[in-house]
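Each chain is listed here by its residues.
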Amino acid sequence: MPYASETSLVPIPPPGEDELPHDDGEPMESDRHRKQMLLLIESLDLFWKGRDDAYVSGNMAI
């Protein structure tokens, strides 16, 4: 963790919610992004076909 100075023992707090970028004015998804996501989901579904210990999805907020 970074400190206020080389001699300081007071850590600099991480940026807060208001200081982190959250919107750049551009749409989050384009048609290309959607197609890429679906291709990856379908590929992983085929790779793990028949298994019950894998779950594949996309565009989920955590």
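Worth saying up front: this structure is predicted, and the values here are computed from it rather than measured.

S.K.: I'm lost on the overall build of the chain in this one. Help?
M.R.: Counting its regular elements, the chain contains one helix and zero strands. Of all 62 residues assigned to the chain, the portion counted as buried reaches 5%. Accessible surface, the chain as shown: approximately 6,300 Å² in total, 58% of it carbon and sulfur.

S.K.: Is there a simple way to think about the pattern of salt bridges in this case?
M.R.: When the charged atoms of two side chains with opposite charge come close together, those side chains can pair. Taken as a whole and assessed by the stated rule, the structure comprises three salt bridges. Here Asp31 and Lys35 are joined by a salt bridge, their closest N and O atoms 3.3 Å apart. On the criterion of helical spacing, the pair formed by Asp31 and Lys35 is a turn pair, its members being four residues apart in helix 1 (residues 31-47). When its relative accessible area of 42% is taken as the criterion, Asp31 is described as partly exposed. The partner of Asp53 in a salt bridge is Arg51, with the nearest N and O atoms 2.9 Å apart.

S.K.: Can you help me understand the environment of Val56 in this one?
M.R.: Relative to the assigned elements, Val56 resides in the segment after helix 1. Take Val56: its relative accessible area is 16%, and that puts it in the buried class. Between the C-alpha atoms of Val56 and Ile41, which are 15 residues apart in sequence, the distance is 6.1 Å. Once you skip the residues sitting within four places of it in the chain, Val56 turns out to touch Ile41, Leu44, Asp45 and Trp48.

S.K.: Sorry, what's going on with the packing of aromatic side chains here?
M.R.: Given two aromatic rings, their pairing is described by the distance between the two centres and the angle made by the two planes. Counting across every chain of the model gives one aromatic pair. Centroid distance Phe47 to Trp48: 5.7 Å. Interplanar angle 65 degrees. Geometry classified as edge-to-face.

What counts as what
- Residues numbered from 1 in each chain as written.
- Predicted model: local features only at pLDDT ≥ 70, side-chain atom pairs only at ≥ 80, totals over all residues.
- Heavy atoms only, no water.
- Helix = DSSP H or I, 4+ residues; strand = E, 2+ residues; numbered from the N terminus.
- Buried < 20%, exposed > 50% of the residue type's maximum accessible area, 1.4 Å probe, protein only.
- Areas by Shrake-Rupley, 256 points an atom, 1.4 Å probe, with all protein chains shown as cover.
- Salt bridge = Lys/Arg side-chain N within 4 Å of Asp/Glu carboxyl O.
- Contact = heavy atoms within 4.5 Å.
- Phe/Tyr/Trp six-rings, centres within 6.5 Å; stacked < 30°, edge-to-face > 60°.

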